[in-house]
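Understanding the architecture of this molecule
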Amino acid sequence: MALDRGHSLRKVGRGIALAALLLASAWPAAAVSQEQVTLTIWAGLYTPSRILPMSSDPNAPEVIGIDAVADAYMKLHPNVNIQLIANPISADSRRWLVTQLTGGVAPDIIWNSPDWAAEDYRKNWLVPLEDYLGKPNPYIAEGELGSEKWYDSFMPAINVWRAADGKLYVVLADQIQVGIYYNKDLFAKAGIDGVPTDWEELMQDAEKLKASGAFPFAQSGNSLDQLTWVSGWLTNFYYHDKIGTYDSDGDGLLSKVEMATAVKNGTYSFDQQPNRERLEQLKRFAGYWQTGALGTDDAGAQRLFQTGRAGMWISGSWALQTILQDPERKFDVGVFYLPNVNSKTSPLVADNIPPTNKAAGYGIFEFSVPQSTVERGTVDTAFDFLMFATAPQNLGPMVTEAGIAAPAVHGATANPDLELFAESISYPPAPLQEDDSMFDFEFAQKFMAITSPYLGGTQSLDDTVSRLDVELKAAAARVLGE
């Protein structure tokens, strides 16, 4: 990977995005109201840098984001005035969004985590997608997927986060992925040839890195992400033979309600041997974190890796451009997918369990339409804009420029750098989500708080299991509305 690859693609992406404005104008306007409409949009990471710079570096490339799509839409619909909201995605985003939704003053289109949407459906904050997904997308050419039903244009990842009422509340039009970035120079120094093919080889490589004087993993103990990604990955292997036990609707995906029901019925708990062994493997993994990892934040872990002091760093496709463009990186970087677990690790795990798409259901084009748009009379325009934005000829350039995710809409072009993640994105969705997504965010916080002393060696496995099961039952009751 060349250091300036991402910068060059940014330039290409800007050119393609601007060309999309002209291309999009060739498509007919949909039959929506011709009254004057102001449409407000919080675009998250697709917010253009002209209103919300994402970097303090004055030489950072300009980010077009959703601007080209918004401009093209307004050209087609002169009666629509689109206003983009300059609000960053941060630790306070959830609090800000809840305040906006509670007060009925949220933007007409909002970036929304699918986890949040799946939890919020009872509050009647969001408009279900079903009525609109069943309509033709007028901005997709006749005969193409989506021209008869908008739903047909999306890849299966859109279905992962159905709420407990069976409805979808988030338009998911791109797909991020999680992987393990690695320092090829440190791997060579430690005598590691190639990348691990299973969990045991990963642990063996970590031991070799440790013996060579490097930190095997750059880890953030203050963040749910790295811990629960690995924890959830292990769960899919330790519980692979029990998926059918919990999958009451037979769709191959285990929803929050199905897992909460399993907890209530006593068929899923942390006191089960598969979960006990999973926790033991998490502790084994934690044994290869850098000194002080439990007190390290995301930025600190990333910096440790990018300055060449750690052999591996677990992150997502959104970090790729940052790594490629970092002038302080002096080593050759690669990426591999989370390796499978098999019987070499535990007799409880069968061999040849196929890998799944760890991050299915997540992207950065994750947009919802609040119920307040119904009262404001902007709901149809909001969904019409989302149809326009997810048409392949409009979505592709925007996703390519961002360099963070791959399109989750058929026919849209992808950033070539993300071919690194292309194979794992094509895998079927993981049946069991990670611990924070399996129930609710409150349980996620408890999971990290309870497991941290165990991983740090100050709490026994029995105590950890006991405390987790208390919170597990409370989380199940919340999910089931009890």
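Look a little higher up for the structure.
Report on the accompanying structure. (Residues numbered from 1 in each chain as written. Predicted model: local features only at pLDDT ≥ 70, side-chain atom pairs only at ≥ 80, totals over all residues. Heavy atoms only, no water.)

Quick notes on the overall build of the protein
Selection rule: Runs of H or I in DSSP of at least four residues are treated as helices and runs of E of at least two as strands, each being numbered from the N terminus. With C-alpha atoms as the basis for the radius of gyration, the globule rule is written as 2.2 Å multiplied by the number of residues raised to the power 0.38. Note on classification: 1.4 Å probe, protein chains only; a residue is buried when its accessible area is under 20% of the maximum for its type, exposed when over 50%, partly exposed between these limits. Whether two residues are in contact is decided by their heavy atoms: any pair within 4.5 Å suffices. Here, Shrake-Rupley sampling with a 1.4 Å probe gives the accessible areas, and only protein chains in the shown set may cover a residue. Neither His nor the chain ends is counted toward charge; the positive residues are Lys and Arg and the negative residues Asp and Glu. Charge positions are represented by NZ for Lys, CZ for Arg, CG for Asp and CD for Glu.
Regarding its fold elements, the protein presents 20 helices and 11 strands. Over its C-alpha trace the protein gives a radius of gyration of 23 Å, about what one expects of a compact globule, namely 23 Å for 482 residues. When the backbone C-alpha atoms are referred to their principal axes, the protein occupies close to 65 × 55 × 40 Å. Residues classed as buried in the protein amount to 59% of the 482 residues present. A fraction of 77% describes how many contacts in the protein between residues 6 or more apart in sequence connect residues 24 or more apart. Accessible surface, the protein as shown: approximately 19100 Å² in total, 53% of it carbon and sulfur. Mean positive and mean negative side-chain charge positions of the protein (36 and 59 charges, respectively) differ by 5 Å.

Description of the nonpolar core
Quick reminder of the rule: We call a set of buried residues a nonpolar core when its members are Ala, Val, Leu, Ile, Met, Phe, Trp, Tyr or Cys and they connect through side-chain atoms within 4.5 Å of each other.
Counting 135 residues, the largest nonpolar core has Phe217, Tyr268, Met312, Phe365, Phe385 and Phe439 as the members making the most contacts within it. Excluding residues within four positions of it along the chain, Phe217 makes contact with Leu202, Met203, Ala206, Phe285, Tyr288, Trp289, Gln290, Ala310, Met312 and Ile314.

Things to note about the pairing of strand 2 (residues 80-84)
Let me state the cut-off plainly: At least two bridges found by DSSP between two strands is the condition for calling them paired.
Residues Val80, Ile82 and Leu84 point to one face of strand 2 and are all buried, whereas Asn81 and Gln83, pointing to the other face, are not buried. As paired elements, strand 1 (residues 37-42) and strand 2 share five bridges and run parallel to each other. Its bridge partner lying in strand 2, Ile41 is registered against Leu84.

Structural notes on the packing of aromatic side chains
Note the cut-off: What counts as a ring pair is set by centres within 6.5 Å for rings of Phe, Tyr and Trp (its six-membered ring), and what kind of pair is set by the plane angle: stacked under 30 degrees, edge-to-face over 60, tilted for all other angles. Only lysine NZ and arginine CZ atoms are considered, and such an atom sits over a ring when it is within 6 Å of the ring centre and within 35 degrees of the ring normal.
For the structure on display, the rule yields 31 aromatic pairs. Ring centres of Phe305 and Phe331 lie 5.4 Å apart, and the angle between their planes is 80°; this geometry places the pair in the edge-to-face category. Taken as a pair, Phe305 in helix 12 (residues 298-306) and Phe331 in the loop between helix 13 (320-325) and strand 9 (333-336) lie far apart in primary sequence, 26 residues in all. Three or more aromatic residues link up through ring pairs in this structure, and these residues are Tyr239, Tyr246, Tyr268, Phe270, Phe439, Phe443 and Phe447. Between the NZ or CZ atom of Lys242 and the centre of the ring of Tyr239, over which it lies, the distance is 5.7 Å.

As for the pattern of salt bridges
To keep it simple, the criterion reads: What counts as a salt bridge is simple: a side-chain nitrogen of Lys or Arg found within 4 Å of a carboxyl oxygen of Asp or Glu.
Here the structure, examined in full by the defined rule, presents 19 salt bridges. One salt bridge connects Asp271 with Arg276, and the closest N-O pair in it is separated by 3.1 Å. When the shortest N-O distance is used, the salt bridge between Arg478 and Glu442 registers 3.5 Å. Note that Arg478 is positioned in helix 20 (residues 461-479) and Glu442 in helix 19 (residues 441-455), a separation of 36 residues in sequence.

Remarks on the packing of helix 10 (residues 256-265) against helix 20
Note the threshold: Axes here refer to lines fitted to C-alpha atoms; in helices the fit is confined to the stretch in contact. Angles between the N-to-C directions go from 0 to 180 degrees. Here the angle decides the label: under 35 degrees means roughly parallel, over 145 means roughly antiparallel, 65 to 115 means roughly perpendicular, and every other value means oblique. Note on convention: the crossing is left-handed when the near helix lies turned anticlockwise from the far helix by less than a right angle, right-handed when the turn is clockwise. Residue type decides the class: Asp, Glu, Lys and Arg count as charged, Ala, Val, Leu, Ile, Met, Phe, Trp, Tyr, Cys and Pro as nonpolar, and the leftover types, Gly among them, as polar.
Across the interface, helix 10 lies against helix 20 with an axial gap of 9 Å and an inter-helix angle of 130°. Considered as vectors, helix 10 and helix 20 are oriented oblique to each other. Handedness of the crossing formed by helix 10 with helix 20: left-handed. Within the contact between the two elements, helix 10 uses Lys256, Val257, Ala260 and Val263 and helix 20 uses Leu472, Lys473, Ala476 and Val479. Of the residues belonging to the contact of helix 10 with helix 20, the class tally is six nonpolar, no polar and two charged.

Some remarks on the environment of Tyr73
In this structure, Tyr73 sits in helix 2 (residues 67-76). Accessibility expressed as a relative area gives 0% for Tyr73, which makes it buried. When the C-alpha atoms of Tyr73 and Phe388 are compared, they prove to be 7.4 Å apart, with 315 residues separating the residues in sequence. The contacts of Tyr73, once residues within four sequence positions are left out, are Val80, Ile82, Tyr139, Thr381, Asp384, Phe385 and Phe388.

Comments concerning the side chain of Gln177
Positionally, Gln177 belongs in the loop between strand 5 (174-175) and strand 6 (178-183). Here Gln177 is in contact with Ser315, Gly316, Ser317, Trp318, Tyr337, Asn357, Lys358, Ala359, Phe421, Ser424 and Ile425, once residues within four sequence places are set aside.

Some words on the sheet that holds strand 6
If you walk across this open sheet you meet the four strands as 7-8-6-9, and the pairing is mixed. Only two strands of the sheet have a single partner each, and these edge strands are strand 7 (215-217) and strand 9. Here the strands of the sheet are splayed against their neighbours by 25° on average, with no regard to which way each runs. When strand 7 meets strand 8 (residues 310-316), the two strands line up parallel, connected through two bridges. Bridge assignment links Phe217 to a residue of strand 8, and that residue is Met312. Those strands touched by helix 8 (residues 224-238) are strand 6 and strand 8, and its axis lies near 85° from that of strand 8.

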